[in-house]
Amino acid sequence: MNFYSDNESLSFYLRHPEMEKVVAVKEKDFSEAGRHPEAPASAEEAVKQYDLIMNLLGEIAGDVIAPNAEAVDHEGPTLEGGRVRYAPGTRRNLDVLIQSGLYGVSLDRRYNGLNLPRAVVVMMAEMIARADVGFATIWGLTDCADTIQEFGSDALKDKYLPRICQGATCSMDLTEPDAGSDLQSVRLKATYDEAAGCWRLNGVKRFITNGDADLHLVLARSEEGSNDGRGLSYFVFDRADGGMVVRRIENKMGIKGSPTAELQFTNAPCQIVGERRLGLIKYVMSLMNGARLGVGAQSIGLCEAACREAEAYAAAREQFGHPINQFVAVRDILDRMRARTDGARSLLYETARYVDLAASSRPASRVADILTPLVKLNASEFANRNAYDCIQVHGGSGFMKEYACERLYRDARILSIYEGTSQLQVVAAMKGIASGAYLKQIESYEARVAEALAADFGIVSGAPVSELKHCLDVLRKATAAYGRFYETAAVEGTSSERFEHSTRALTDVLGNIIMGYLLLLDSLRDARFLKSCKYFVKESIGQVSRHIAALENC
Amino acid sequence: MSFRIVVLAKQVPDTHNVGADAMNADGTVNRSALPVVFNPEDLKALEMALQVKDRMPGATVTVITMGPPRAGEIIKDALNRGADDGFVLSDARFAGADTLATSYALSQAIRQMGRVDLIFGGRQAIDGDTAQVGPQVAEKLDMPQITYAEELLDVDAGGISVRRRLERGIECVKAKLPVLVTVTSAAADCRYPNAHRMLRRAKDEVRMVNADGIGADMDRLGLKGSPTKVKQIVNVVLSHKESVVIEPTEAALGELSATLIKAHIL
């Protein structure tokens, strides 16, 4: 089974018209063409390369990682003599990906990376997560390398980045017993050792995903006497240098193949990444945005897996003399699951493209910043709902351990918690809500759809124009209603309790409108997205009307 | 001189993905309707060859196939997985070859390469199931052969040891080089392609070699060189009346044993 070739949506987004600009930015206008044997000379050639790579990864995800998922979930990692030993299936997954050159894929070619843009890397993460979300966390942590590549010194890059491309595993050591969502409270100490010419770490980190990794990025307090985020710096610690023990690995509800560890650092030698004091306020924020996009990708992988498990079961299971997918009540569940998957996926790849374009455009960077919390929030909540619905479609069988849906249900639960809870994503979205940045983005989508519908050549999918126009009309109404909702909620000011209580609802409505528009734009190119588009059109108008009524009457 | 390894491979119809139009009305295979794949046991043979290459620094692996130009796909695949070189024997004069003509063409291609230390091939192809081509190539090259290999145990410049899987057990054998080895489906899966190799070779054309390029006697090629004549292909399905239900009782099982012994089956 190939998780790329069996999912047409992936090649649809790989060939999105905006990918041409993404490739040009990532390839620095093809400056390496002819100088490096792997560098493409055009956007078309680059997309062909991505297609080859996606096919390879799709095969590995379908034929290696997915079949290993159940045993990995069952066996999990073990702690032996202070070291974590992966489950055999996890080790096999890693070995195959490393041997295939699919590790450290976003890094520059000079470090033996594949120089893949974010829009392609998240697609790989989606496929891996569809196979096994727990393993996707281990593979996805190579994103740490991007932080070193972006902010580290040349010496640091030359030392560590080639190792990551050769398979060195990574972890992002942020959380401590008293510093979870509130990372400003991090206490792990970093002191400079003049004699040895290096920094040294002392303290405890907790809930560290892939905690016994080869390379760790550690957030630590370098400025003695400080007590906020400005006293924190960022360090790279090499496991081979010693000074760190794994105290325990957690017994988790889900993603059981991914070792979550508590670490004790004792005079552990390390090197600083970038400048002092910028650890949290610059580097972790950058890393965190990438990680949130990564969790979005994991969530959509899980959404897809849940859809397919439910669709397959509903097609095979017969009751009252018919497959249960012929009953409207079941069909409705399946359609909602598919719509959520389509909507969140369209938002994921839209955001990823903006993240790529942000490297050379300040406006694109601003859009990436506002869309990222929407991806994390919506995709992870949808993953949970799809996992719930997947069990519902299975009925009593879904409650038994024999079916994959129970694993998906457990794996989904962390997605709306780690790398920033759903509630923190709402906080992150507030800036864009208050500034009107989301509305500005919605206006640009509205203009693009209206322009395409006004010109006959704007629609290549064959979708009925009347239906597309109707969707546009309703989305316009929903956007206008969102404006009223915002005004009503903010009538006592944006720092009022009334407004704060409305922030989640405002963010949800915005998410639905944006996903509705994105699927409408997708429907111009491919009519198969129209059904899911209509779901978000209906959701957005229904939801906003309900919230306004509640606010005005209660 | 470097250590040279040859892998014999074949592109075959993917019998795991057979659609409704896979067979013609006359009972022959409709090849145009079938997806094609690297013959599974040949992939295992490639892996064993690559394992030898891993252990023998400087060793080179060359993959040879015979077929239409499209068979170049498996050569490219093999190169992406770690082979150093490969080519397709492709010529209308090779068409219609049975195992005799095929093994002749392959052996001629290998002769052109000069000294070769090891030849690997799958035990058989999933479209023909003859298991004859490997052994016939060895005979034509006057080379010893090891069949049914499932694991590489040891290799050096002097010889190779492998484990063979036989019907009634296993055999560990050692042979001097050069030798031809056929590999069974129990052997290790082939490693996946490497993304960097794929990108570096994406635009490369696969080398095609015609009948003139292997110094062959044209009468021994293709249909002309193939004594096999297919008279008829029959789809055999065992019908219910040919099967007997045995009750799981001591008496019935005893009777079954006696019948099988009498028929010299046991």
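Residues numbered from 1 in each chain as written. Chains lettered and ligands numbered in written order. Predicted model: local features only at pLDDT ≥ 70, side-chain atom pairs only at ≥ 80, totals over all residues.

A. Layout of the overall build of chain A. Across its full length, chain A carries 17 helices and 11 strands. Over its C-alpha trace chain A gives a radius of gyration of 24 Å, about what one expects of a compact globule, namely 24 Å for 554 residues. For the C-alpha atoms alone, the extent of chain A along its principal axes is close to 75 × 55 × 55 Å. Within chain A, the fraction of its 554 residues that count as buried is 51%. Excluding contacts between residues fewer than 6 apart, the proportion of contacts in chain A whose partners are at least 24 apart in sequence is 75%. (Helix = DSSP H or I, 4+ residues; strand = E, 2+ residues; numbered from the N terminus. Rg over C-alpha atoms; globule rule 2.2 N^0.38 Å. Buried ≥ 20, exposed ≤ 12 C-beta atoms within 10 Å, placed from the backbone. Contact = placed C-beta atoms within 7 Å.)

B. Representation of the overall build of chain B within the structure. The helix and strand inventory of chain B stands at six helices and 11 strands. In terms of overall dimensions, chain B has C-alpha extents of about 65 × 45 × 40 Å along its principal axes. The buried share of chain B, reckoned over its 266 residues, is 39%. At a minimum sequence separation of 6, the contacts of chain B that also span at least 24 residues come to 69%.

C. View of the confidence of the model for chain B. Counting all residues, the mean pLDDT for chain B is 90, and 97% of those residues have values of 70 or more. Overall fold confidence (pTM) sits at 0.91, and the ipTM for the predicted complex is 0.92. (pLDDT = per-residue confidence, 0-100.)

D. Spotlight on the pairing of strand E9 (residues 260–272) of chain A. Residues and elements named next belong to chain A. Of the strand pairs in this sheet, strand E5 (residues 198–209) and E9 are connected by eight bridges, and their pairing is antiparallel. Along E9, the bridge assignment pairs Val 204 with Gln 264. As defined by bridge partners, strand E7 (residues 232–238) adjoins E9 across two bridges and the pair is classed as antiparallel. Bridged to Val 236 within E9 is Gln 271. (Pairing = 2+ DSSP bridges.)

E. The interface of chain A and chain B, seen in detail. Across the contact, 13 residues belong to chain A and 10 residues belong to chain B. For the side of chain A that touches chain B, the element with the most residues is helix H3 (residues 43–75) of chain A, which contributes five residues.

F. Local environment of the nonpolar core. All names here are of chain A. Within the largest apolar cluster, 179 residues are counted, with the highest numbers of intra-cluster contacts made by Ile 128, Phe 235, Leu 302 and Ala 306. Top element by residues in this core is helix H9 (residues 279–316). It accounts for 17 residues. Look past the residues within four positions of Leu 302 in its chain and what remains in contact with it is Ala 129, Val 133, Ala 383, Ala 387, Leu 408, Asp 411, Ala 412 and Leu 415. (Core = buried A, V, L, I, M, F, W, Y, C linked by C-beta atoms within 7 Å.)

G. Spatial organisation of the packing of helix H6 (residues 133–140) of chain A against H9(A). Residue and element names in this part refer to chain A. Across the interface, H6 lies against H9 with an axial gap of 10 Å and an inter-helix angle of 155°. On the basis of the axis angle, H6 is roughly antiparallel to H9. The two elements H6 and H9 cross, and the hand of that crossing is right-handed. Every residue of H9 that contacts H6 at Val 133, Ala 136 and Gly 140 is listed here: Gly 294, Gln 298, Gly 301 and Leu 302. Class assignment of the residues belonging to the contact of H6 with H9 gives a composition of three nonpolar, four polar and no charged. (Axes fitted to C-alpha atoms, helices over the stretch in contact; angles between N-to-C directions. Parallel < 35°, antiparallel > 145°, perpendicular 65-115°, else oblique. Left-handed = near helix turned anticlockwise from the far one by under 90°. Nonpolar A, V, L, I, M, F, W, Y, C, P; charged D, E, K, R; others polar.)

H. Expanded view of the environment of Met123(A). With respect to the helices and strands, the residue Met123(A) is situated in helix H5 (residues 118–131). Discounting residues that sit within four places of it in the chain, Met123(A) has contacts with Leu10(A), Leu14(A) and Met54(A).

I. Highlighting the packing of helix H14 (residues 437–454) of chain A against helix H15 (residues 465–489) of chain A. Residue and element names in this part refer to chain A. Two numbers describe how H14 lies on H15: the axes approach to 11 Å, and their chain directions differ by 155°. As the angle between them shows, H14 and H15 are arranged roughly antiparallel. Here the hand of the crossing between H14 and H15 comes out left-handed. Taking contact as the criterion, the partners of Ile 442, Glu 446, Val 449, Ala 450 and Leu 453 in H14 are, on H15, Val 465, Leu 468, Lys 469, Leu 472, Arg 476 and Thr 479. Here the residues of the contact of H14 with H15 sort into seven nonpolar, one polar and three charged.

J. The arrangement of the sheet that holds strand E10 (residues 179–183) of chain B in detail. All names here are of chain B. In spatial order, the strands read E9-E8-E7-E10-E6-E1-E4-E5-E11; together these nine strands make up an open sheet with mixed pairing. Each of the sheet's edge strands pairs with one partner strand only, and the pair in question is strand E9 (169–176) and strand E11 (207–209). If you compare each strand with its neighbour and ignore which way they point, the axes differ by 35° on average. Sheet strands in contact with helix H2 (residues 72–81) are strand E1 (4–9), strand E4 (60–66) and strand E5 (85–89), and its direction is about 170° off that of E5. Across the face of the sheet, helix H4 (residues 133–140) comes into contact with E1, strand E6 (118–122), strand E7 (145–155) and E10 while running at roughly 180° to E10.

K. Expanded view of unusual backbone geometry. Omega for the peptide link from Leu177(B) to Pro178(B) comes to 0°, which places this bond in the cis form. By the secondary structure assignment, Pro178(B) is in the loop between E9 and E10. Even without being glycine, Lys28(A) reaches a positive phi, approximately 45°. Secondary-structure assignment places Lys28(A) in the loop between helix H2 (19–26) and H3. Lys28(A) sits in the exposed class, given 12 other C-beta atoms within 10 Å. Positive phi outside glycine occurs at Asn267(A), with the angle close to 50°. Tracing the backbone through its elements, the reader meets Asn267(A) in strand E9. What makes Asn267(A) partly exposed here is the crowd of 13 C-beta atoms within 10 Å.

L. Structural context of the environment of Pro193(B). Relative to the assigned elements, Pro193(B) resides in the loop between E10 and helix H5 (195–201). Pro193(B) sits 35 residues away from Thr228(B) along the chain, and the two C-alpha atoms are 37 Å apart. Dropping the residues within four chain positions of it, Pro193(B) is found in contact with Leu56(A), Ser100(A), Asp77(B), Asn80(B), Arg81(B) and Met198(B).

M. Inspection of the confidence of the model for chain A at higher detail. For chain A, per-residue confidence averages 95 on the pLDDT scale, and residues scoring 70 or more make up 99% of the total. No element of chain A has a lower mean pLDDT than helix H7 (residues 144–151) of chain A, at 91, and none a higher one than H5(A), at 98.

N. The arrangement of H3(A) in detail. The largest bend in H3(A) amounts to roughly 45° and is located at Ala69(A). Gly76(A) lies just past H3(A) and shows a positive phi near 65°. (Bend = angle between axes of the 7 residues up to and from the residue.)

O. Structural view of the pairing of strand E4 (residues 189–193) of chain A. Residue and element names in this part refer to chain A. Sheet topology note: the E4/E5 ladder contains five bridges and is antiparallel. Within E5, the residue paired with Ala 190 across the bridge is Leu 201. Taken together, E4 and the strand that follows it, E5, pair antiparallel across an intervening segment of four residues, in which Gly 197 is found at a positive phi of about 70°.

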